[in-house]
Amino acid sequence: MSSILCFGEALIDFHAQPQGGAGQPPAFVPFAGGAPANVAVAAARLGAHARFAGMLARDMFGDFLLKSLTDLGVGTDDIARTDEARTALAFVAHDEKGDRSFSFYRPPAADLLFRPEHFRKEAFDDLSIFHVCSNSLTEAAIAATTVEGMRRARAAGALVSFDMNLRPALWPASEAPLPRLWEALSEADVIKLSAEEFAFIHAGAGSDDAVLERLWRGKAGLLLVTDGAEPMRWFSRSARGTVQGYAVEAVDTTAAGDAFVGGLLARLAAENVTPATFDALVADTARLDDLIRFAAACGAITATRKGSFTAIPDQAEVRAFMEKHA
């Protein structure tokens with residue numbers, strides 16, 4: 001069975017809990033997370049054959065991440081382990097709308113130590129989609145590994161997916177993100193950005209049309225731009241449009257974007273979309289809208305729940321949600 005391989009970080013999200021009373025210290029509860037790991041979980045929950053590739057520490061949190069991935073049906077043969085660094089941690093606080101802010105404890109961290117030689121020889125066999133995000137671009141060596149993985153996947157005949165998922169706090173003050181971001185953007189077929197990320201890359205290209213023109217000089221065939229409760233925008237080489245999402249009361253948006261991406265990739269894999277047939281999919285606007293609405297439902301449900309892995313819905317929940325909100 002062809003599979004989706006998600007590469008990069010897996011970490012522990014410590015979510016802030018309501019304080020028990022005046023004078024009580026804040027409490028944080030650990031959840032398994034990390035953007036590409038969340039995408040792998042989302043795809044697996046929806047019935048796709050999803051795998052995760054990355055470096056986990058040999059510590060209690062690395063063990064917890066490995067068990068959590070396994071328990072949720074994600075393939076873990078592509079995971080390497082190390083004693084040279086600990087698991088990355090992120091402390092997450094939420095405002096009244098469920099939007100989150102992060103305090104990261106990374107680097108050093110195990111996920112940054114994965115190198116090209118850690119990819120299994122069989123990792124790219126029978127692969128339908130390879131997915132990454134920018135959190136594995138923050139240092140030179142892991143960035144080179146990420147781009148190498150994207151190129152190996154393309155050479156193997158897989159679609160390449162990139163969700164920027166930009167976290168400025170993870171980047172060294174001396175490192176300008178845009179050059180590495182554009183290197184990854186140029187290697188991806190499917191790109192997902194938030195509205196803020198779309199605006200961020202304007203600094204390197206100018207207007208929307210200038211950004212698009214630069215994207216189309218690379219491998220990109222589809223750009224998706226999400227904007228919270230606002231309609232999602234999509235752009236292809238020959239067309240553009242919008243898709244209205246779902247109005248929900250957000251509790252925690254931590255993994256909502258990752259669930260959106262996982263939903264989209266799971267549908268692409270289920271419909272056997274390949275690089276050879278990808279342009280035909282993008283040109284069929286009714287079919288494309290249906291895929292985006294499905295992905296939006298995955299994200300919307302996830303935003304109504306606390307946690308990362310634990311917030312992501314399965315196929316039955318998504319279908320029921322879409323029928324209810326038809």
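1. Description of the layout of surface pockets
To locate leftover empty space, one rolls a probe as large as a water molecule over the atoms. By volume, the second largest pocket amounts to about 170 Å³. In terms of lining, the second largest pocket is formed by 15 residues, of which the most central are Gly47, Ala48, Ala266, Ala269 and Ala270. Going through the elements one at a time, strand 1 (3–7) and helix 7 (256–270) are the ones with two or more residues in the lining of the second largest pocket. Element by element, the count of residues in the lining of the second largest pocket is highest for helix 7, at 4 residues. Grouping the constituent residues of the lining of the second largest pocket by class yields 8 nonpolar, 6 polar and 1 charged.

2. Examining helix 6 (residues 208–216)
Along an α-helix, a turn takes 3.6 residues, which lines up residues three or four apart on a common side. Looking at helix 6, one finds that the buried residues are Val211, Leu212, Leu215 and Trp216. Angularly, the buried residues of helix 6 cover 130° about the axis, an arc narrow enough to put them on a single face.

3. Side note on the packing of aromatic side chains
One pass over the full model with this rule turns up 14 aromatic pairs. Aromatic side chains Phe7 and Phe114 sit 5.1 Å apart centroid to centroid with 70° between the ring planes, which places their arrangement in the edge-to-face category. Of this pair, Phe7 sits in strand 1 while Phe114 sits in the loop between strand 7 (100–105) and strand 8 (127–133), and the two are 107 residues apart along the sequence. Judged by its relative accessible area of 0%, Phe114 is buried.

4. Describing the packing of helix 1 (residues 35–45) against helix 7
Relative placement of two packed helices is described by the angle separating their axes and the distance separating the axes. At a minimum axis separation of 8 Å, helix 1 and helix 7 run at an interaxial angle of 45°. Taken together, the axis directions place helix 1 and helix 7 in an arrangement best described as oblique. The handedness of the crossing between helix 1 and helix 7 is right-handed. In this structure, helix 1 uses Ala35, Asn38, Val39, Ala42 and Ala43 to contact helix 7, whose residues at the interface are Asp258, Ala259, Val261, Gly262, Leu265 and Ala266. Along the lines of polarity and charge, the residues of the contact of helix 1 with helix 7 split into 8 nonpolar, 2 polar and 1 charged.

5. Concerning the sheet that holds strand 5 (residues 79–82)
Strands pair in a sheet through their backbones, by hydrogen bonds, and they do so in one of two ways: parallel or antiparallel. Taken together, 9 strands build an open sheet; the order of strands is 5-4-1-8-9-10-11-12-13 and the sheet is mixed. Where the open sheet ends on each side, the last strands, each with one partner, are strand 5 and strand 13 (240–243). Shown here is a sheet whose adjacent strand axes are inclined to one another by a mean of 20°, direction ignored. Pairing of strand 11 (residues 222–227) with strand 12 (residues 230–236), which is carried by 5 bridges, proceeds in the antiparallel orientation. Within strand 12, the position partnered with Val225 by the bridge is Arg233. In the packing of helix 2 (residues 60–71) onto the sheet, the strands contacted are strand 4 (50–57) and strand 5, and the crossing angle to strand 4 comes to about 170°. Each of strand 1, strand 8, strand 9 (159–163), strand 10 (190–194), strand 11 and strand 12 touches helix 7; the most contacted strand, strand 8, lies at about 165° to it.

Here is what the cut-offs are and how they apply
- Residues numbered from 1 in each chain as written.
- Predicted model: local features only at pLDDT ≥ 70, side-chain atom pairs only at ≥ 80, totals over all residues.
- Heavy atoms only, no water.
- 1 Å grid on protein atoms, 1.4 Å probe; cavity = no way out; pocket = protein on both sides within 12 Å on 5 of 7 lines; lining within 4 Å.
- Points joined across faces, edges and corners; volume = space filled by probe spheres on them.
- Helix = DSSP H or I, 4+ residues; strand = E, 2+ residues; numbered from the N terminus.
- Nonpolar A, V, L, I, M, F, W, Y, C, P; charged D, E, K, R; others polar.
- Buried < 20%, exposed > 50% of the residue type's maximum accessible area, 1.4 Å probe, protein only.
- Arc of directions from axis to C-beta.
- Phe/Tyr/Trp six-rings, centres within 6.5 Å; stacked < 30°, edge-to-face > 60°.
- Axes fitted to C-alpha atoms, helices over the stretch in contact; angles between N-to-C directions.
- Parallel < 35°, antiparallel > 145°, perpendicular 65-115°, else oblique.
- Left-handed = near helix turned anticlockwise from the far one by under 90°.
- Contact = heavy atoms within 4.5 Å.
- Pairing = 2+ DSSP bridges.

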